[in-house]
Every structure is written in structure tokens, then in C-alpha cells.
Amino acid sequence: MYALRCAAEESCLSRSAYRLAVSDLDYRVLLRFPQRVKNQGTADFLPVKPRHEWEWHSCHQHYHSMEAFSNYDLLDVTTERKVAEGHKASFCLEDTSCDPGVRRRFACTAHTQGLGPGCYDTYHANIDCQWIDITDVPPGNYILKVTVNPSQLVQESDFSNNVVRCDIRYTGTYVQARNCRISES
């Protein structure tokens, strides 16, 4: 758990990780996945909070401009009851890449955060909290639900493309994802 210290500070682990009996030697089972978000609109996607209100996270050594950029839910395939969850704060909301002919304008190195129209913000699977802690989840079939801008605090012209669902098969040893699709909820 020592390697997950920062994730624990940001409440990215399942509730069982915070029990008194958990030591640095315990391990967690993480469902890691990448995320690529595109601004398909015509205006910049900007944090609601002004820069002077961004929260500094000393463990990760960076600012968070939004408390919840994305929510990650693992749902039971039959009942759609949430069995595990995760979240991603925006630590570096930037134009990672853009469509051909579109220029990148937002970069963390410039101490600005945003996502320009026609640009993508990419989070690789190895980034802290870019996962769901499934330590307490039994093997079975699930739905991974990823919601961007979950509280809809950032104004958008269309929220209908903010949710993606993937069918998940978890064997206890490995995970298989398939049939990922945009969903209304």
C-alpha cells in the first residue's frame, strides 16, 4: 500500500483499504484503464474554479482544478447496482493531442488548464487513480461506466456524449472489456 499513498490521500481506494488493520504490506487489485476525452463542442472546456482556487496536492506535486473530472463506476450487469467506484480529479486538463489542423493551446507546463475544441485529453492506465479498486469485487460480469464532467459544473452544449459503458468480464485473475459505447446515462 506504500506505493498507493497518494491515491489513498485522494480517496481513490475502496473503503476496505482504510481499515485500521490494513498495513503497507497489503495489496490492492486495480482495474486500470486509459481514458481519452475529446472536446467535440465549439467552446473551450475550462475548469469552473479560477486558478487561485485550485487545490494543491503535495503528494502528487500538482494542482487539481476540478474535484471530479470523471467518475468511474463498476455496475452489476443484471441489477446495475454499483459494486465499486473510482474518480479522477483534473490534475492536468490539457490538449494532449488535437485533430489535424487544430493547434494545441492548453498545456500544464504553461500553468493553464483547459481542453480546446477538436482536442483530446488523454489519461494513460498507469496514472494514479486512473482505475477502480476491485479488491472486494467477486469474479463476474459487470459494466464499467465512465462519466466525464459528472456534476455538469462545466457548461457544455451537449452532455449526451459524456458517458461511456463497457461490458466487463472479471475472472478473479484478469479482466476482459468489450462492447464499449457512448450512452445517455
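About the thresholds
- Residues numbered from 1 in each chain as written.
- Predicted model: local features only at pLDDT ≥ 70, side-chain atom pairs only at ≥ 80, totals over all residues.
- Heavy atoms only, no water.
- Salt bridge = Lys/Arg side-chain N within 4 Å of Asp/Glu carboxyl O.
- Helix = DSSP H or I, 4+ residues; strand = E, 2+ residues; numbered from the N terminus.
- Buried < 20%, exposed > 50% of the residue type's maximum accessible area, 1.4 Å probe, protein only.
- Pairing = 2+ DSSP bridges.
- Core = buried A, V, L, I, M, F, W, Y, C linked by side-chain atoms within 4.5 Å.
- Contact = heavy atoms within 4.5 Å.

In this section: the pattern of salt bridges. Summed over the entire model, instances satisfying the criterion amount to 8 salt bridges. With its nearest N and O atoms 2.2 Å apart, the salt bridge here joins Asp44 to Arg105. Remark: Arg105 occurs in the loop between β7 (97–98) and β8 (119–123) and Asp44 occurs in the loop between β2 (35–38) and β3 (55–57); sequence separation between them is 61 residues. Residue classification places Asp44 among the partly exposed residues on the basis of a relative accessible area of 28%. The salt bridge partner of Glu80 is Arg165, with a shortest N-O separation of 3.4 Å. Placement of the pair is Glu80 in the loop between β5 (66–76) and β6 (82–90) and Arg165 in strand β11 (residues 163–170), with a sequence separation of 85 residues. Classification of Arg165 as buried rests on a relative accessible area of 9%. One network of salt bridges, in which partners are shared, links Asp73, Lys82 and Glu85.

A separate point is the sheet that holds β8. Sheets are built from strands paired through backbone hydrogen bonds, the pairs being either parallel or antiparallel. If you walk across this open sheet you meet the 3 strands as β2-β8-β7, and the pairing is antiparallel. At either margin of the open sheet sits one strand with a lone partner, and together these are β2 and β7. Pairing geometry for β2 and β8, over 4 bridges, is antiparallel. If you follow Gln35 over to β8, its bridge partner there is Tyr123.

Once that is clear, we can look at the nonpolar core. In this structure, Phe33, Leu74, Ile132, Ile134, Val137, Tyr142 and Leu144 are the most contacted members of the largest nonpolar core, which totals 14 residues. Elements represented by at least two residues in this core include exactly β5, β10 (140–148) and β11. In contact with Leu74, not counting residues within four places along its chain, are Leu31, Arg81, Lys82, Val83, Ala84, Ile132, Ile134, Val137, Tyr142, Ile143, Leu144 and Ile168. Core analysis: the second largest hydrophobic core is formed by 12 residues, Phe45, Leu93, Leu115 and Tyr123 among them.

Spatial relationships are all this shows, so hold off on functional conclusions.
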